[in-house]
Amino acid sequence: MPGLGMWFSALFPFILLYSARGQVSYSIPEEMAKGSTVGNIAQDLGLDPQRLRLGKARIYSGDSAEYIALNKDTGFLLIKDKMDRESLCAKTTPCALHLQLILENPMELYTITVEITDINDNQPTFQKKRVHFEISESAVTGARFMLEGAMDADVGVNDLQSYSLKPTDNFALELRSQARGDKKVEMVLQKPLDREKKGVITLLLTAVDGGDPQLSGTVQIDVTVLDANDNAPVFTQKVYKAVITENAANGFKITTVSATDADEGFNGHVTYYIANKEENVRNMFFIDQNSGEVTLKGLVDFEKAIHYKIDIQAKDHGGLSDSCKLMIDVLDVNDNKPVINLLSVSNSVSEDSALGTVVAMMKVDDADSGVNGQIHCIINDNIPFALTSQSSNFISLRIEQELDREKDAEYNISITCSDQGVPALSSSTSLTLQISDVNDNAPVFEKSKYDAFVMENNSPGLSVLTVKATDADWNQNARVSYILEDSTVNGVSVSSCVSVHPDSGLITAVRSFDFETLKDFHFRIKAQDGGSPPLSCNVTVKLTIQDQNDNAPQVLYPVQTGASALAEIVPRAADVGYLVTKVVAVDVDSGQNAWLSYKLQKAPDRALFEVGLQNGEIRTVRQVTDKDAVKQKLTVVVEDNGQPSRSAVVSINVAVADSFPEVLSEFSDFTHEKQHDENLTFYLVLALAVVSLLFIVSVISIISVKIYRWRQNKLFYESGANLPVIPYYPPVYADGTLQHVYNYEMCGTTDSRMSDGKFVRPYSQNTLMSQSRLGTVQRQKEQEVDELTLEVRIS
Ligand SMILES: *[C@@H]1O[C@H](CO)[C@@H](O)[C@H](O)[C@H]1NC(C)=O
Ligand SMILES: *[C@@H]1O[C@H](CO)[C@@H](O)[C@H](O)[C@H]1NC(C)=O
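Cut-offs applied
- Residues numbered from 1 in each chain as written.
- Chains lettered and ligands numbered in written order.
- Predicted model: local features only at pLDDT ≥ 70, side-chain atom pairs only at ≥ 80, totals over all residues.
- Heavy atoms only, no water.
- Near = heavy atom within 4 Å.
- Polar contact = N/O pair within 3.5 Å; in protein donor to acceptor, adjacent residues only side chain to side chain.
- Areas by Shrake-Rupley, 256 points an atom, 1.4 Å probe, with all protein chains shown as cover.
- Patch = residues over 30% accessible without salt bridge, like charges linked within 9 Å, V, L, I, M, F, W, Y side chains within 5 Å.
- Salt bridge = Lys/Arg side-chain N within 4 Å of Asp/Glu carboxyl O.
- Lys, Arg positive; Asp, Glu negative; His and termini not counted.
- Charge placed at Lys NZ, Arg CZ, Asp CG, Glu CD.
- Helix = DSSP H or I, 4+ residues; strand = E, 2+ residues; numbered from the N terminus.
- Buried < 20%, exposed > 50% of the residue type's maximum accessible area, 1.4 Å probe, protein only.
- Pairing = 2+ DSSP bridges.
- Axes fitted to C-alpha atoms, helices over the stretch in contact; angles between N-to-C directions.
- 1 Å grid on protein atoms, 1.4 Å probe; cavity = no way out; pocket = protein on both sides within 12 Å on 5 of 7 lines; lining within 4 Å.
- Points joined across faces, edges and corners; volume = space filled by probe spheres on them.
- Nonpolar A, V, L, I, M, F, W, Y, C, P; charged D, E, K, R; others polar.

A. Molecular detail of the site of ligand 2. In the neighbourhood of ligand 2, the contacting residues comprise Glu485, Arg524 and Asn538. Take asparagine 538: an N or O atom from its side chain is 2.6 Å from an oxygen atom of ligand 2. Protein contacts shield 29% of the accessible area of ligand 2, which totals 360 Å² for the unbound molecule.

B. Fine view of a negative patch on the surface. Together, Asp352, Asp404, Asp408 and Asp440 give the surface a local cluster of negative charge. Note that aspartate 408 resides in the loop between strand 30 (394-399) and strand 31 (410-419). The exposure class assigned to aspartate 408 is partly exposed, which follows from its relative accessible area of 30%.

C. Quick look at the pattern of salt bridges. Under the definition given, this model contains 23 salt bridges. A salt bridge links lysine 238 to aspartate 322; its shortest N-O distance comes to 2.9 Å. Linking lysine 238 in the loop between strand 16 (234-235) and strand 17 (239-245) with aspartate 322 in strand 24 (residues 321-331), this pair joins segments that are 84 residues apart in sequence. Its relative accessible area of 14% is what places aspartate 322 among the buried residues. Put simply, Arg144, Glu174, Arg176, Lys184 and Glu186 are held in one network by salt bridges that share partners.

D. Focus on the sheet that holds strand 3 (residues 37-40). Across the sheet, which stays open at both edges, the 3 strands sit in the order 3-6-5 with antiparallel pairing between neighbours. Among the strands making up the open sheet, the edge pair consists of strand 3 and strand 5 (68-70). Adjacent strand axes in the sheet meet at a mean angle of 25° when their direction is disregarded. In this structure, strand 3 lies alongside strand 6 (residues 76-79), joined through 3 bridges in antiparallel fashion. Counted as the bridge partner of threonine 37 is leucine 78 from strand 6.

E. Spotlight on a nonpolar patch on the surface. The grouping of Phe695, Ile696, Val699, Ile700, Ile703 and Ile707 at the surface amounts to a nonpolar patch, some 550 Å² of accessible area in total. Inspection of the secondary structure assignment puts isoleucine 703 in helix 8 (residues 680-718).

F. Structural context of the sheet that holds strand 49 (residues 609-611). What the 3 strands build is an open sheet, ordered 46-50-49; its pairing is antiparallel. Two strands in the sheet have a free side with no partner beyond their single neighbour: strand 46 (579-582) and strand 49. Recorded for the sheet is a direction-independent mean angle of 20° between the axes of neighbouring strands. Relative to strand 50 (residues 617-620), strand 46 is paired through 3 bridges, and the arrangement is antiparallel. By the bridge assignment for strand 50, leucine 579 is matched with arginine 619.

G. Inspection of empty space enclosed by the protein at higher detail. Evaluation of the coordinates by the stated rule reveals 3 cavities of 30 Å³ or more. Reported here for the largest cavity is a volume of approximately 50 Å³. Surrounding the largest cavity, Phe126, Gln127, Lys128, Val131, Glu148, Leu205 and Val219 form its lining. Grouping the constituent residues of the lining of the largest cavity by class yields 4 nonpolar, 1 polar and 2 charged.

Written out as structure tokens, the structure is:
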């Protein structure tokens, strides 16, 4: 009947399902408009339409809403309110309203059933418009994902009929009937997902019902493909290269390594590590875990390592990894000074050291390489040393020029070594070298010769002169001592005349000098240093003794003796200017001190004689007369020219007679008068004997003295040279005469040595007197006297 109903409903909205006694059924589609006719109840029940009105017909619908109303006049049932089957019955079928038609007069009750049929007025619906799935790309095929099914309020064919899922690349739809009848919708993975190809998949699930027209509902399924760690990181380069200079600053950025990971998120997050096992590399370099930036952490020293190889690993969080190498070359920087190590140094070197003698050895190192480590050393200029190098960095300092301590006693040598880097680094060291002395300089006297003057009659010990010699050497080698060189002065050692102080060089007279016996002499002083062996030099000192007027003139002729009754005979017939005699006097002094003048002091008759002022010649100044006494006594004063002057007086007897007896008779008076008179003949004989005797005594004395002195000298030198030098006077010859002799011999000039023998006589006054007496009486002897005078003058 439903098919019929439906058909009816096309014509009429209602369908009278059946009509029976007291009972009627209708079938109407849901959602009929208000006022639509469901059916004519009166007619269908076979009732008089009047009856309805009269019977006060009414519809009882129980407690449900009144959807159906009754037109009492016509008997039509009308839709009073729109009916929705889904809200009235939900999924229950069939869906019917049960109404009662109640009539009065008489009371009747009719049952009316209105079946409400479904129309496709509801589409399938999903609870959510979109659903979201996150599926790992590692999900295996066959994996199922439950989907939420759709709902359709309609029933029957209008209800949900089928689903479809698009696209079908990865997933297929599977429906599984469940016990309760509804279906379980599942999405089954047919083909593995690859996030790296497609990360998000959008699917559309469509549900359709069977109505006509067919209605559908959709839900969008968003599938996010979750990443699985299926990709390892990959470095962009297998080997990275970098160059750094040594001493680069801490934190210096060397390079950045990079690895990529196709995975996403956590799985694609790459972290970097240094994988080297070596501690030094790990301490030296730092890699930023996240950025891959490699920086310097420590101090790079070319001198320690010139190359570093760093193993770097990249890891993702899934534990997959890759590795690469970072090769770092270190460039040298000239950062090391040369270092000078003195291996051995002499503090002092002898000035006579051979050329090439090594005075210092050193080792020079530079830690840099290449030109930065090539070393060149120099020393300061103008020193007699040079550097030589045996091997690359062993350097020795040698003597190159001869040393002379007297020129430079000390050298400050500074050695500077520099490398060839740019800029070059250098370092220097200095050493002080003393030059030790060698006794290579002899002392040198300040003068080439010395002249000294001493006034005669000096006191012994008188300072004469100081000689000085200097020695350029040092210390002991320059300590000069002065030595009097032994020589003889007139046969005696010079040391008995002078002495020299060994340290000061002061020359002192050892004795008193007598100009008259010694006018000058030479001696040598040696200056000797204290070196070993000692060096010496010598100098000649000439000592000149200066005269003092210490000697009175000595009258040589006529000889004055106490017993003398000598007389000069003047013939009465003598002419004016007759040379009576000549006073011969000498003065052993010299110069002015020996410049003699003669004056007549006393004469009985002044007019008869005169004496030559210069030559001492006594001459007559007038004719002798008878009145003139036979016996004349003249007194002549001989004076020297010294200051003060000294003089001698000589008395001369002159006999004015024609014959010798006359003279004798006259002169016996002289003798008587003066109690000196002697027989002239006897006197002459006596004189001759005395002279002979004295001559012999003198010769013996001289020989004795010579022998004695020779022995004495021997003793003196054997006893040592440094005994105090004392003037030597032989004690046995304290007598004045002999002392004169002795002095003469001892200190006579060497020049006069030739005339030594001759001078023995003139210097002995007694001898002279005796000798001259031999010729006194003869005028012819005058010549001889002159010669004598001449000899004295020469001396
Ligand atoms: C060497 O140096 C020292 C100290 O600096 C100085 O006293 C001395 O005079 C110097 N010697 C020379 C020869 O320059
Ligand atoms: C004294 O010195 C000279 C050179 O000045 C030398 O020829 C001589 O031998 C020296 N004499 C002595 C005794 O040393």
